[in-house]
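# Remarks on the overall topology
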Protein chains: 4
Amino acid sequence: MATIGSRLWAIPEGYIPSGGLKGERALVSHEAACILNAGEADAEIEITVYFTDQDPKGPYRIRVPSSRTRHLRFNDLTDPEPIPRDTDYACIIVSTQPVVVQHTRLDSRDPHVALLSTMAFAQ
Amino acid sequence: MATIGSRLWAIPEGYIPSGGLKGERALVSHEAACILNAGEADAEIEITVYFTDQDPKGPYRIRVPSSRTRHLRFNDLTDPEPIPRDTDYACIIVSTQPVVVQHTRLDSRDPHVALLSTMAFAQ
Amino acid sequence: MATIGSRLWAIPEGYIPSGGLKGERALVSHEAACILNAGEADAEIEITVYFTDQDPKGPYRIRVPSSRTRHLRFNDLTDPEPIPRDTDYACIIVSTQPVVVQHTRLDSRDPHVALLSTMAFAQ
Amino acid sequence: MATIGSRLWAIPEGYIPSGGLKGERALVSHEAACILNAGEADAEIEITVYFTDQDPKGPYRIRVPSSRTRHLRFNDLTDPEPIPRDTDYACIIVSTQPVVVQHTRLDSRDPHVALLSTMAFAQ
């Protein structure tokens, strides 16, 4: 087992387009935080979402078990409330265990597919 | 509240295409610095813009309040002067508080959309 | 010779689309770990692949000689077993020598080409 | 003036497509190292290029003056020799002064435009 990662991550650039291809889930516009927990203990994770002109929302809670990855789509978050579409946001990810976080967006509004990805920022 | 980030950031790759889709703001070619201030104090930020063969411009001043994100489009900067289109540039971002900065470009010259993003470089 | 890099890297975002352009290898959908060994000694590398709901696979073993780069396509891995298509995965890369790792995906399902890339996360 | 950056950088993922749109320089397939020198002294830079199965080439020498950025296209390098097209490569960038380096590719083989970018890896 490898101990790699951080317990505190930030992704400043968040935006879920409301438009795009429909149907096949893989090609629907989405934004994801891909989280890898390569350690021996399960990670309990809290995500807080920040906006331009309103108070933060959350926390959104997820678990990433030991030796597993979870590619979390922000589109799928509903508890405590969905993340608004077509709205600038950002997030802070706090984990009980070291994890590694990568940010990816698939945008199919065009309707051709565009992709972006970057490692999130670790403190 | 989380204290995360740095007070000094650099983005070496800047370029605002003059072409691209018109009309809907979300699909106009643009370049953005997405800034997250997850801390307790408002951040006063100065951006200096660098070029290949002329002196730097700026500073451009913006504020990112506590617990807010701002997705700043370089296209929108006008004070002290607009950033020229179709011109290579770079920038340094200095903040009074720790912030996290991510760089994103949407290029719709094609006119199909292409995206890039990366975390900026923190000192 | 430059000593640069790390012996432990993570890429949380892995996904090999089964669709896309056929024929010319350069435009087939693929995911790559681009590894640079700028040092004086050959690097023996082990890659472990993580999933959402099954145990990790691997290790996959490759060598990157001194002063060489290898742009490894995850699509090409077959020993101990191929990586499943259309499935979320992540990976940990362990090297006997310092190397630098960059993650890239070319997605031609659209069938237009989309690209993403980020430096992997180094411990 | 800000002192920001590193004197040693790596970009593992290099590939210059031979195909793509012709004519307008901005849309020709290209790969760039965007270098920012925000410091007070000019930076003398040496780039060494690595391959999969041949010895490294270079050094390629460029200067980035104080308070300037240079968006260097690998396509344009000719001394000591051009970088081959359609060939995997990587590079190490060594500077006499701290600089910041970002890697970008525009790929117009499709012929629709795809983009990728990431901060290079700093030692």
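Since the model is a prediction, treat every value here as computed from it, not as a measurement. (Residues numbered from 1 in each chain as written. Chains lettered and ligands numbered in written order. Predicted model: local features only at pLDDT ≥ 70, side-chain atom pairs only at ≥ 80, totals over all residues. Heavy atoms only, no water.)

### Focus: the overall build of chain A
Check the secondary structure of chain A and you find zero helices and eight strands. Listing each helix as α and each strand as β along chain A from the N terminus yields β-β-β-β-β-β-β-β. Expected size for 123 residues packed as a compact globule is a radius of gyration near 14 Å; at 14 Å, chain A falls within 12% of this value. Summarising its shape, the C-alpha atoms of chain A cover approximately 40 × 30 × 25 Å along the three principal directions. Taken across its 123 residues, chain A has 62% of its residues classed as buried. If you take every contact in chain A between residues at least 6 apart in sequence, the share linking residues at least 24 apart comes to 71%. Counting only carbon and sulfur atoms, one obtains 46% of the accessible surface of chain A, whose full area is about 4400 Å². Of the side chains in chain A, 12 bear a positive and 16 a negative charge, and the two mean positions are spaced by 5 Å. (Helix = DSSP H or I, 4+ residues; strand = E, 2+ residues; numbered from the N terminus. Rg over C-alpha atoms; globule rule 2.2 N^0.38 Å. Buried < 20%, exposed > 50% of the residue type's maximum accessible area, 1.4 Å probe, protein only. Contact = heavy atoms within 4.5 Å. Areas by Shrake-Rupley, 256 points an atom, 1.4 Å probe, with all protein chains shown as cover. Lys, Arg positive; Asp, Glu negative; His and termini not counted. Charge placed at Lys NZ, Arg CZ, Asp CG, Glu CD.)

### Some words on the interface of chain B and chain A
One frequently used descriptor of interface size is the decrease in accessible area upon assembly of the parts. Contacts between the two partners involve 30 residues from chain B and, on the opposite side, 34 residues from chain A. Buried area between chain B and chain A, summed over both chains or domains, comes out near 2400 Å², and the portion from carbon and sulfur atoms is 64%. On inspection of chain B and its partner chain A, the count reaches one salt bridge. The partner of A:D55 in a salt bridge is B:R68, and the shortest N-O contact between them spans 3.0 Å. At the junction of chain B with chain A, the criterion picks out twelve residue pairs in polar contact (both at pLDDT 80 or more). Counting residues per element, the side of chain B that touches chain A draws most heavily on strand β7 (residues 114–119) of chain B, at six residues. Residues that form the side of chain B that touches chain A fall into these classes: 19 nonpolar, ten polar and one charged. (Buried area = accessible area lost by both parts, 1.4 Å probe. Salt bridge = Lys/Arg side-chain N within 4 Å of Asp/Glu carboxyl O. Polar contact = N/O pair within 3.5 Å; in protein donor to acceptor, adjacent residues only side chain to side chain. Nonpolar A, V, L, I, M, F, W, Y, C, P; charged D, E, K, R; others polar.)

### Some details on unusual backbone geometry
Trans peptide bonds make up the majority, and among non-glycine residues the majority have a negative phi. Of the consecutive residues B:G58 and B:P59, the connecting peptide bond is found in the cis state with omega at 0°. Tracing the chain through its elements places B:P59 in strand β4 (residues 57–64). One non-glycine residue, C:S67, lies in the positive phi region at around 60°. With respect to the helices and strands, the residue C:S67 is situated in the loop between β4 (57–64) and β5 (68–73). Residues other than glycine seldom take positive phi values, yet D:D86 does so here, at roughly 55°. With respect to the secondary-structure elements, D:D86 resides in the loop between β5 (68–73) and β6 (89–107). The exposure class assigned to D:D86 is partly exposed, which follows from its relative accessible area of 39%.

### A few points about the relation of the copies chain C and chain A
It takes a turn of 90° to lay chain C on chain A, together with a shift of 0.0 Å along the axis; the resulting RMSD is 0.0 Å. Such a combination of rotation and displacement between the chain copies is what one expects of a four-fold axis. (Least-squares fit on C-alpha atoms with pLDDT ≥ 70 in both.)

### Brief notes about the interface of chain C and chain A
Between chain C and chain A, the residue contacts involve 34 residues of the former and 30 residues of the latter. Together, the buried faces of chain C and chain A total about 2400 Å²; carbon and sulfur atoms form 64% of this surface. Across the chain C-chain A interface, the total number found is one salt bridge. In this assembly, chain C and chain A are joined by twelve residue pairs in polar contact (both at pLDDT 80 or more). No other element matches strand β1 (residues 6–14) of chain C, which puts seven residues into the side of chain C that touches chain A. By residue class, the composition of the side of chain C that touches chain A is 19 nonpolar, eight polar and seven charged.

### Observations regarding the arrangement of the chains
Taking C-alpha atoms as the reference, chain B and chain C come no closer than 7 Å and do not contact one another. Taking C-alpha atoms only, the smallest gap left between chain A and chain D, which are not in contact, amounts to 7 Å.

### Observations concerning the pattern of salt bridges
What the rule picks out here adds up to 24 salt bridges over all chains. Where A:E46 meets A:R61, a salt bridge forms, and the shortest distance between an N and an O atom there is 3.0 Å. Taken together, the residues A:E46 in strand β3 (residues 43–51) and A:R61 in strand β4 (residues 57–64) connect sequence positions 15 residues apart. Its relative accessible area of 33% is what places A:E46 among the partly exposed residues. Linking C:K57 and C:E81 is a salt bridge whose minimum nitrogen-to-oxygen distance equals 3.3 Å. Separated by 24 residues along the polypeptide, C:K57 in strand β4 and C:E81 in the loop between β5 and β6 (89–107) bring together distant segments of the chain. Overall, C:K57 belongs to the buried group, its relative accessible area being 14%. The class for C:E81 is partly exposed, based on a relative accessible area of 31%. Taken together, the shared-partner salt bridges connect A:E13, A:E31 and A:R105 into one network.

### Focus on the side chain of B:S66
Considering the arrangement of structural elements, one finds B:S66 in the loop between β4 and β5 (68–73). A distance of 3.4 Å separates a polar atom in the side chain of B:S66 from the backbone oxygen of B:E40.

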